[in-house]
Amino acid sequence: MKCFVCNNEFDGNICPRCRFPKVFIPGDYETGLKKIQPEIDAYRDEFLNGIEVGIVTYFWKDENGTVVLDREERLPFGKGKDLCGNTLWLEQLFARIPDEELLKIRVYIKTGDKECEKTVCLANLFEAELQQIGIYTDEEFRFKLLLKNDTGTPTSSDFISIFN
């Protein structure tokens, strides 16, 4: 069955992704669907508002002549409804790491009461300019990170599922 809320294909009585119950519509399908559509929409809004994706950034400091980690900070791209089907860019600009061909970026993902982190690999840009990180999320709840500057060719990661 395909979930009315998140379009996940599943067997059983409850969608394992969003927890919406399996619904049988007796009689005329279109009429029945119109009757339950407000409940589906309300559940979808609540489900999407429980999704947040962002990156973990690092701040460094000098401690007695040695550079050490000062703190980590989370920068959210947005919540589910804003993410789905959109490209979003962080306002924060980042310095280029010139010696790295591949950047490893820590991404945090909150889905309801669950939270996980994934490391996403992204090709670095070669121009000595500030960079901006973005995200594109499709309707299948997959995302890819994007990297751009003012003059180079943007790069992107492979698609990664928010839920796996």
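This report concerns the structure included in the present document. (Residues numbered from 1 in each chain as written. Predicted model: local features only at pLDDT ≥ 70, side-chain atom pairs only at ≥ 80, totals over all residues. Heavy atoms only, no water.)

Regarding the environment of F159
Here's step 1: With respect to the helices, strands and loops of the structure, F159 is situated in the loop between strand 8 (155-156) and strand 9 (160-161).
Here's step 2: Sequence spacing of F159 and T137 is 22 residues, and the spatial spacing of their C-alpha atoms is 8.7 Å.
Here's step 3: Not counting residues up to four positions away in its chain, the partners in contact with F159 are Y136, D138, R142, F143 and K144. (Helix = DSSP H or I, 4+ residues; strand = E, 2+ residues; numbered from the N terminus. Contact = heavy atoms within 4.5 Å.)

Comments concerning helix 1 (residues 29-49)
Here's step 1: Across its 21 residues, helix 1 extends 28 Å between first and last C-alpha, which sits within 8% of the 30 Å expected from 1.5 Å per residue.
Here's step 2: If you look at helix 1, its biggest bend is around 50°, right at I36, and the proline P38 turns up within four residues after that.
Here's step 3: Residues G32, L33, I40, F47 and L48 constitute the buried set of helix 1.
Here's step 4: Looking at the buried side of helix 1, the elements it contacts are strand 1 (51-63), strand 2 (66-79) and helix 2 (80-83). (Expected span 1.5 Å × (residues − 1). Bend = angle between axes of the 7 residues up to and from the residue. Buried < 20%, exposed > 50% of the residue type's maximum accessible area, 1.4 Å probe, protein only.)

Some thoughts on the sheet that holds strand 5 (residues 114-123)
Here's step 1: An order of 2-1-4-5 is seen for the 4 strands of this open sheet, with the pairing classed as antiparallel. Both edges of this open sheet fall to strand 2 and strand 5, since each of them pairs with a single strand only. Each strand of the sheet is rotated relative to its neighbour by a mean of 30°, with strand direction disregarded.
Here's step 2: Across 12 bridges, the pairing between strand 1 and strand 2 is antiparallel. The residue bridging D62 from the neighbouring strand is V67, located in strand 2. (Pairing = 2+ DSSP bridges. Axes fitted to C-alpha atoms, helices over the stretch in contact; angles between N-to-C directions.)

A closer look at a nonpolar patch on the surface
Here's step 1: Residues Y58, W60, V67 and L69 make up a contiguous nonpolar surface patch of about 430 Å² in total accessible area.
Here's step 2: Where the nonpolar patch is concerned, the elements lending two or more residues are strand 1 and strand 2.
Here's step 3: With respect to the element layout, Y58 can be found in strand 1.
Here's step 4: The partly exposed category is assigned to Y58, whose relative accessible area is 36%. (Patch = residues over 30% accessible without salt bridge, like charges linked within 9 Å, V, L, I, M, F, W, Y side chains within 5 Å. Areas by Shrake-Rupley, 256 points an atom, 1.4 Å probe, with all protein chains shown as cover. Salt bridge = Lys/Arg side-chain N within 4 Å of Asp/Glu carboxyl O.)

Comments concerning the packing of aromatic side chains
Here's step 1: Applying the stated criterion across every chain yields a total of 6 aromatic pairs.
Here's step 2: Joined through ring pairs, the aromatic side chains of F47, F141 and F163 make up one cluster.
Here's step 3: Above the ring of Y108, the side-chain terminus of R74 is found at 4.4 Å from the ring centroid. (Phe/Tyr/Trp six-rings, centres within 6.5 Å; stacked < 30°, edge-to-face > 60°. Lys NZ or Arg CZ within 6 Å of the ring centre and 35° of its normal.)

Some thoughts on the pairing of strand 6 (residues 131-137)
Here's step 1: Burial analysis of strand 6 places 6 of its 7 residues in the buried class, the great majority of the element.
Here's step 2: Here 5 bridges tie strand 3 (residues 87-94) to strand 6, and the two strands are oriented antiparallel to one another. Opposite T87, over in strand 6, you have Y136 as the bridge partner.
Here's step 3: Across 6 bridges, the pairing between strand 6 and strand 7 (residues 142-148) is antiparallel. Paired with G134 across the strands is L146, a residue of strand 7.
Here's step 4: Hairpin connection of strand 6 to strand 7: 4 residues between the antiparallel strands, including F141 at a positive phi of 60°.

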